[in-house]
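Chain and residue survey
As a plain string of letters, each chain reads:
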Amino acid sequence: MAAAASPDVPTCGDLPAAVSAFADAFVDFAVSGIFFPTSNPSPPPPTTTPTTFLPSPSRLVAIGDLHGDLPKSLSALRLAGLVPPSSGSAGSASASASASWAAGTTLAVQLGDILDRGGDELRLLYLLRRLALSAAERGGALLPILGNHEVMNVSGDFRFATPQGLQEFSAWAGWYRAGLAIKRRCADLEHQPRNPFLGVPRAFPGVKPEFWDGMRSRLAALRPDGPIARRFLADLPTVLVVGDSVFVHGGLLEANVEYGLERINAEVSEWIRGEGGDNARAPEFVRGRDAVVWLRRFSDGFDCDCKRLEGVLGMIPGAKRMVMGHTIQTEGITAVCGAQAVRVDVGLSRGCGNGLPEVLEINGGGAEVKVITTPPAEAWQYRKQEAEKAATALKEKKGEVKDGLALLVRESHVLKEVEAKA
């Protein structure tokens, strides 16, 4: 409950919405360098069920996993023609300069895994949301879907967070608290914001103390009903069908289609919004090896169960192909089973492969499917030398390379999912 305003402290009077909008814009710009429209600043956004089915657009684009790498993500967005070309060297354009949609009525799908493995996770979430708003103004659409790393983070599983990622969330927490303080000066504000840090642990046994603030900030932001989870993740679909293309991070099996794609989207959204409580467990169909965000049956290697894939697609009216992320394709975007399985995770992020940017383009209502790849003249900026890759792989095999929370956790400790006290 907000404390009563002191008579010596100015209150908002007739301007509560304007003050709230200022606080939100202040925090957004401080965190991301991007301004958002503030036409309806005061009420919280209405709860909406994520989109599941859309008709075929004239141009459809798919981009794979981004994993916290803003410069490489901007390279992929430019490669797809979704944002203006960079005026400088590759990756040099700022997020604010690239938040303007340049692709007209194109519909673009990003296959999830925005989070983890890099230090630009929040900046990427802000950029993609602002770019989606810009696309809608111009008759297009940008629709990210959820990946297993979004599900992991909402669940409090931070195994693949990096020190840079935790620092970004620590910085966000400082600005978010400043915004809360501004709003609490306004006794007349109709929707007083919830403090997301209440009940969040201050110490994390097994984790180096210098990372505790980042862990606490990340948990407050991303737990069910956390401000970042609710704003940027809760309205994203887990499965999206656009015309004859099915987009899913991991893959679909018969049981998923029988359960209902719209039902899956709705229940995951409800979980992220916190409707089951702050510590509610993720729905079953996004947990486990065969879950829709974890499955690799149709994306790993070229020995694919094509007959089973054909059967799953046959259960979805009009579906001709399944487009997936999740499993890195070291040679670039691949397709198997007569192009019924298309795999678009190229290991783009420098945190998991530093792969060459490529995007999938589908034109003519599904009649033409092609890969857009980085021009050879630019490819040298992104490719790792094969010798470097081989050396790193050997070190990883020997356990000499630590990744994610292995860098943060004390030796002989294993970090489990973190719970907040509601």
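Residues numbered from 1 in each chain as written. Predicted model: local features only at pLDDT ≥ 70, side-chain atom pairs only at ≥ 80, totals over all residues. Heavy atoms only, no water.

**Here we look at the pairing of strand β10 (residues 358-363)**
Filter applied, for reference: For every residue, the accessible area (1.4 Å probe, protein chains only) is compared with the maximum for its type, and the residue is labelled buried under 20%, exposed over 50%, or partly exposed between those bounds. Helix numbers and strand numbers start at the N terminus; a helix is a DSSP run of H or I with at least 4 residues, a strand a run of E with at least 2. By the convention used here, strands pair only if DSSP detects at least 2 bridges between them.
Most of β10 sits inside the fold, with six of its six residues counted as buried. Along β10, one buried face is formed by E358, L360 and I362 and the opposite face, lined by V359, E361 and N363, is buried too. Here strand β2 (residues 59-63) runs beside β10; their pairing, made up of four bridges, is antiparallel. Along β10, the bridge assignment pairs L60 with I362. Here β10 pairs with strand β11 (residues 368-373) via six bridges, running antiparallel. Considered in β11, the bridge of N363 is made with E368. What sits between β10 and β11 in their antiparallel hairpin is a turn of four residues, with G364 showing a positive phi close to 60°.

**Observations regarding the sheet that holds strand β7 (residues 321-324)**
Heads up, the rule is: We call two residues contacting when some pair of their heavy atoms lies within 4.5 Å. Think of each axis as a best-fit line through the C-alpha atoms, taken over the contacting stretch in the case of a helix, with angles from 0 to 180 degrees between the N-to-C directions.
Pairing within the open sheet is mixed, and its six strands lie in the order β1-β5-β6-β7-β9-β8. Strands with a single pairing partner mark the edges of an open sheet, and in this sheet they are β1 (53-54) and β8 (334-336). One ladder, built from four bridges, connects strand β6 (residues 245-248) with β7; its direction is parallel. When the bridges of β7 are listed, F247 appears paired with V323. Helix-sheet contacts for helix α10 (residues 306-314) involve β6, β7 and β9 (341-343), and the interaxial angle to β7 is about 105°.

**Quick word on helix α6 (residues 212-222)**
Burial analysis of α6 places nine of its 11 residues in the buried class, the great majority of the element. Those residues of α6 not exposed but buried are G214, M215, R216, S217, R218, L219, A220, A221 and L222.

**Re the packing of helix α3 (residues 121-137) against helix α5 (residues 163-184)**
Heads up, the rule is: Polarity classes work like this: nonpolar for Ala, Val, Leu, Ile, Met, Phe, Trp, Tyr, Cys and Pro, charged for Asp, Glu, Lys and Arg, and polar for all others, with Gly in that last group.
In contact at an axis separation of 8 Å, α3 and α5 are set at 65° when each is read in the N-to-C sense. Touching E121, L122, R123 and Y126 of α3 are G165, E168, F169 and W172, all from α5. Its residues assigned to classes, the contact of α3 with α5 shows four nonpolar, one polar and three charged.

**Some remarks on the state of the cysteines**
Definition in use: The definition used for a disulfide is geometric: two cysteine sulfur atoms within 2.5 Å.
This structure, assessed with the given rule, holds one disulfide. Here C306 connects covalently by a disulfide to C337, the sulfurs 2.0 Å from one another. An S-S torsion of about -80° defines the bridge between C306 and C337 as left-handed. On the criterion of sequence distance, the pair formed by C306 in helix α10 and C337 in the loop between β8 and β9 is long-range, its members being 31 residues apart.

**Some details on the side chain of T52**
Spelled out, the test is: Here a polar contact means two N or O atoms within 3.5 Å. Within protein one must be a hydrogen donor candidate and the other an acceptor candidate, and residues neighboring in sequence count only if both atoms are side-chain atoms.
Relative to the assigned elements, T52 resides in the loop between α1 (16-32) and β1. You can call T52 buried: its relative accessible area is 4%. Separated by 2.8 Å, the side chains of T52 and N265 make a polar contact. Once you skip the residues sitting within four places of it in the chain, T52 turns out to touch V239, L240, V241, L261, E262 and N265.

**Quick word on the sheet that holds β10**
Taken together, five strands build an open sheet; the order of strands is β4-β3-β2-β10-β11 and the sheet is mixed. The strands lining the two open edges of the sheet, one partner per strand, are β4 (141-144) and β11. Averaged over all adjacent pairs, the angle separating strand axes in this sheet is 20°, with direction ignored. Each of β2, β10 and β11 is contacted by helix α2 (residues 70-79), which is oriented at about 30° to β10, the strand it contacts most.

**Focus: the pairing of β2**
The element β2 is largely enclosed, with a buried count of five among its five residues. Here β2 shows two buried faces, one formed by R59, V61 and I63 and the other by L60 and A62. As defined by bridge partners, β2 adjoins strand β3 (residues 107-110) across four bridges and the pair is classed as parallel. Counterpart to V61 in the pairing with β3 is A108.

**Looking at the packing of aromatic side chains**
To keep things clear, this is the line we draw: Any pair of Phe, Tyr and Trp rings, taking the six-membered ring for Trp, is counted once the centres come within 6.5 Å. Such a pair is stacked with planes under 30 degrees apart, edge-to-face with planes over 60 apart, and tilted for the rest.
Evaluation of the coordinates by the stated rule reveals eight aromatic pairs. Between the aromatic rings of F29 and F35, the centroid separation amounts to 4.5 Å while the plane-to-plane angle is 15°, which identifies the pairing as stacked. Relative accessible area serves as the criterion here: at 40%, F29 is assigned to the partly exposed category. An aromatic cluster of at least three residues, connected via ring pairs, comprises F22, F26 and W175.

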